[in-house]
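Architecture at a glance
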Amino acid sequence: MGELIRPYYLVAIPDGAVVQDMLRLQKFISRRFRMYTQPYPSLHLTIGVVESGGDIRRTFPALEQIAARHLPLTVRVNGQRCFDEPFLAVGLAVESRQLAYLAGEVEGKLSSVGFQLRSFARWNFHISLVSPLFSRRLWNSSEFHEACQLTAAHAPDARCTLGKIELWDPEFPPLNLIARFNSK
């Protein structure tokens, strides 16, 4: 766990009744387009990407403070959020001012201890459902657009709670969880 070779992802994990709806939608789209086999990638909301800065364990005290100060928080899941070429990812839109503040604090605090992060100043927060990144096949443009339409038609409009932050080394499967930070 020394120097960064590839980015680490800091993600918030959704919780609440709406998560079952999101999982059903992920499974439906995955099966319809033969994208994933079980285990499906975990539902998550990216709030930071650590690009470089040395031993990742040096981020733990700052992340513990941030989690204790900001979690749990409630966000609204509302509609689809699809990302065209080169990503071709299908997800659910997430709205929350507190979430934007949380991501800004993550970027500021970790930068102050010597880490470089991707800027989230213009980030479109979302919960990924299906992405070719971890799929067993690439979908074509018409399949992608159909998946976006299906997601728009079946996307929940509900609130969920973000009660924990996890630091991931995103090799999948299996996912490599580096650390978990909860509200106190």
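Residues numbered from 1 in each chain as written. Predicted model: local features only at pLDDT ≥ 70, side-chain atom pairs only at ≥ 80, totals over all residues. Heavy atoms only, no water.

Some thoughts on the overall build of the chain
Definition in use: Segments assigned H or I by DSSP are reported as helices when at least four residues long, segments assigned E as strands when at least two residues long, and all are numbered from the N terminus. Note that the radius of gyration is over C-alpha atoms, with the globule rule given as 2.2 Å times the number of residues to the power 0.38. Relative accessibility under 20% of the residue-type maximum defines a buried residue, over 50% an exposed one, and the middle range a partly exposed one, all with a 1.4 Å probe and only protein chains included. Residues are treated as being in contact if the distance between any of their heavy atoms lies within 4.5 Å.
When helices and strands are tallied, the chain shows 4 helices and 8 strands. Listing each helix as α and each strand as β along the chain from the N terminus yields β-α-β-α-β-β-α-β-β-α-β-β. Computed over its C-alpha atoms, the radius of gyration of the chain comes to 16 Å, within 12% of the 16 Å expected for a compact globule of 184 residues. In terms of overall dimensions, the chain has a C-alpha envelope of 45 × 35 × 30 Å along the principal axes. The proportion of buried residues among the 184 residues of the chain is 47%. Sequence-distant contacts in the chain: of pairs separated by 6 or more residues, those separated by 24 or more amount to 79%.

Topic: helix 3 (residues 97-112)
The cut-off we apply is this: Here the expected length of a helix is defined as 1.5 Å per residue gap, with one fewer gap than residues. The arc in question is formed by the directions pointing from the helix axis toward the C-beta atoms.
Between the first and last C-alpha of helix 3 there are 23 Å, a value that for 16 residues agrees with the 22 Å anticipated at 1.5 Å per step. Among the residues of helix 3, Leu99, Leu102, Ala103, Glu105, Val106 and Leu110 are the ones counted as buried. Projected down its long axis, helix 3 shows its buried positions confined to an angular sector of 160 degrees, all on one face. Pointing more than 90 degrees away from the buried face of helix 3 are the exposed residues Arg97, Tyr101 and Ser112.

Quick look at the layout of surface pockets
The criterion, for reference: Both site types are read off a 1 Å grid over the protein atoms alone. A 1.4 Å probe that fits but cannot get out defines a cavity, while an open set with protein on both sides within 12 Å along at least five of seven lines defines a pocket; lining residues have an atom within 4 Å of a point. Grid points are joined across faces, edges and corners, and a volume is the space filled by probe spheres set on the points. Residue polarity follows a fixed list, in which Ala, Val, Leu, Ile, Met, Phe, Trp, Tyr, Cys and Pro are nonpolar, Asp, Glu, Lys and Arg are charged, and the others, Gly among them, are polar.
What the largest pocket holds in volume is close to 810 Å³. Lining the largest pocket are 30 residues, with Tyr9, His126, Ser128, Ser131 and Leu133 positioned closest to its centre. By residue class, the composition of the lining of the largest pocket is 19 nonpolar, 8 polar and 3 charged.

A word on the nonpolar core
For soluble globular proteins, the rule of thumb is that nonpolar side chains tend to be buried together. Heads up, the condition is: Here, nonpolar core means buried Ala, Val, Leu, Ile, Met, Phe, Trp, Tyr and Cys residues that are tied together by side-chain atoms lying within 4.5 Å of each other.
If you look at the biggest cluster of nonpolar residues, it comprises 56 residues, and the most contacted ones within it are Ile29, Leu45, Ile47, Leu99 and Trp139. Excluding residues that lie within four positions of it along the chain, Ile29 makes contacts with Val90, Leu129, Val130, Trp139, Ala147 and Thr151.

Focus on the environment of Asp84
Along the chain, Asp84 turns up in the loop between strand 3 (73-83) and strand 4 (89-95). Look at Asp84 and you get partly exposed, because its relative accessible area is 47%. Asp84 sits 82 residues away from Glu166 along the chain, and the two C-alpha atoms are 27 Å apart. Sequence-distant contacts of Asp84, defined by excluding residues within four places in its chain, comprise Phe144 and His145.

Notes on the packing of helix 1 (residues 18-32) against helix 4 (residues 141-154)
The cut-off we apply is this: Lines are fitted to the C-alpha atoms to define the axes, a helix being fitted only along its stretch in contact, and any angle between axes, read from their N-to-C directions, falls within 0 to 180 degrees. Roughly parallel covers angles under 35 degrees, roughly antiparallel covers those over 145, roughly perpendicular covers 65 to 115, and oblique covers all other angles. In this scheme the handedness of a crossing depends on how the near helix is turned from the far one: anticlockwise by less than a right angle means left-handed, clockwise means right-handed.
Contact geometry of helix 1 with helix 4 gives a least axis separation of 11 Å together with a crossing angle of 155 degrees. Taken together, the axes of helix 1 and helix 4 are roughly antiparallel relative to one another. In the packing of helix 1 onto helix 4, the handedness of the crossing is right-handed. Across the interface between the two elements, Leu25, Phe28, Ile29 and Arg32 from helix 1 touch Glu146, Ala147, Leu150, Thr151 and His154 from helix 4. For the contact of helix 1 with helix 4, a count of residues per class yields 5 nonpolar, 2 polar and 2 charged.

As for unusual backbone geometry
Put simply, Gln38 and Pro39 share a cis peptide bond, and its omega is 5 degrees. By the secondary structure assignment, Pro39 is in the loop between helix 1 and strand 2 (45-52). Look at the link from Glu85 to Pro86: it is a cis peptide, with omega at 5 degrees. Residue Arg34 is not a glycine yet carries a positive backbone phi of 50 degrees. If you trace the backbone, Arg34 turns up in the loop between helix 1 and strand 2. One non-glycine residue, Leu88, lies in the positive phi region at around 50 degrees.

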